[in-house]
Structures are given as structure tokens and as C-alpha cells.
Amino acid sequence: MKKGNKRLYSLRVLKQCGAPPASLAKVYTIIVRPVLEYAAPVWQNIPDFLSCKIESIQKRAMRIIFPLMNYNEALNTLNLKTLSDRRAHLCQVYIDRIRNENHPLHLMLPKQEEVVHNYNLSRTMRPTCKTKRTQEFVTHKYT
């Protein structure tokens, strides 16, 4: 968060110099957003209050780019997603890559177990998770 806040300064300077919103959006997506999303699959399952703090940096960037628009209008104008949606998408892409059997982390994916219920003859496949913490880990949540 500290790095992201520091990099917002470049947006302020460019705004004062008269840069158009499209250029400011490019600067944001190239300089600021990668810092906010770095290693997202590792820390994606953070508490809501921390997610809101990270999202506030993007909100401030949108206020710099479009001072008179609200946050959602600014995102729609620039065709951007919220950071929580982006993190979920990045995690899904990460898991899809790991599903390839040749990927070195393929063994990290949870094993699928076959579950047979006595009351229903249908069989389902689901990952084996014994604790809530394990269920919310990225490899279980997005598989």
C-alpha cells in the first residue's frame, strides 16, 4: 500500500501538467496497479478491511483522473474492474495454468475424491478440505 500511494504522486504531477485522462489511465495501469496486484494468488484471501484499504488506493487514482465522477462511473469509463474482481480473475488464471500436468506446481492442487452418498446414487467429485482455512486457500477456492 505504501508503494502504491507513493506512485499516485506521478498521476498528480501528470494531471497538473494537463495530461488527458486516457494517458493518466495508462500510467495508472502500468505503474500503480501492478504494485497493488503483486503476487495476488498468494495473498488473495485477505480480510475485507484490508481489501478495502487496497481498493482505496484505486479509488484515489480514479479521483485524480476523473475528479467529478464517482468511483464506479470512472471504472466504467476506463473499462477497468475493481481490484477484488481482478484478484479473483488472476487467481483463476493461475489455477488454470497449474491444472496442466506438466506444470511444476500441479501436485499442489487438491486431490479429487469420489463421494458416494447412500441416499443418492449420483457420484460427485470434490476436493478434500478438512478446515475452513484450507477451503479458502487459492488452490481449493478456484478449483
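What counts, and where the lines are drawn
All residue numbers refer to positions counted from 1 along the written sequence of the respective chain. Only residues with pLDDT of at least 70 get local features here, since the model is predicted, and only at 80 or more are side-chain atom pairs given and counted; chain-wide, interface and lining totals rely on the full set of residues. Side-chain metrics rest on all non-hydrogen atoms present in the structure, leaving aside hydrogens and water. Burial classification: accessible surface area is computed with a 1.4 Å probe over protein chains only, and a residue below 20% of its type maximum counts as buried, one above 50% as exposed, and the rest as partly exposed. For every element, the axis is a line fit to its C-alpha atoms; helices are fit only across the contacting stretch, and the angle between N-to-C directions ranges from 0 to 180 degrees. Strands are runs of DSSP state E lasting at least two residues, helices are runs of H or I lasting at least four, and both sets are numbered from the N terminus onward. What sets the label is the angle itself: under 35 degrees gives roughly parallel, over 145 gives roughly antiparallel, 65 to 115 gives roughly perpendicular, and the rest give oblique. Should any heavy atoms of two residues lie within 4.5 Å, those residues are counted as being in contact. Residue classes follow a fixed rule: Ala, Val, Leu, Ile, Met, Phe, Trp, Tyr, Cys and Pro count as nonpolar, while Asp, Glu, Lys and Arg count as charged, and any other residue, Gly among them, counts as polar.

1. A few points about unusual backbone geometry
We note that Ala-39 has phi near 55°; this positive angle belongs to a residue other than glycine. A residue is classified by how much of its surface remains accessible, and Ala-39, at 34% relative accessible area, is partly exposed.

2. A short note on the packing of helix H2 (residues 21–37) against helix H6 (residues 83–98)
Describing two packed helices takes the angle between their axes plus the distance from one axis to the other. Closest axis-to-axis distance for the H2/H6 pair is 11 Å, and the angle between their directions is 70°. It follows from the interaxial angle that H2 and H6 lie roughly perpendicular. Along the contact surface, H2 presents Tyr-28, Arg-33, Leu-36 and Glu-37, while H6 presents Leu-83, Arg-86 and Leu-90. Of the residues assigned to the contact of H2 with H6, the class counts are four nonpolar, no polar and three charged.

3. Some thoughts on the side chain of Glu-37
On the secondary structure map, Glu-37 appears in helix H2. Assessed through its relative accessible area of 10%, Glu-37 is described here as buried. Excluding anything up to four places from it in sequence, Glu-37 contacts Trp-43, Leu-83, Arg-86 and Leu-90.

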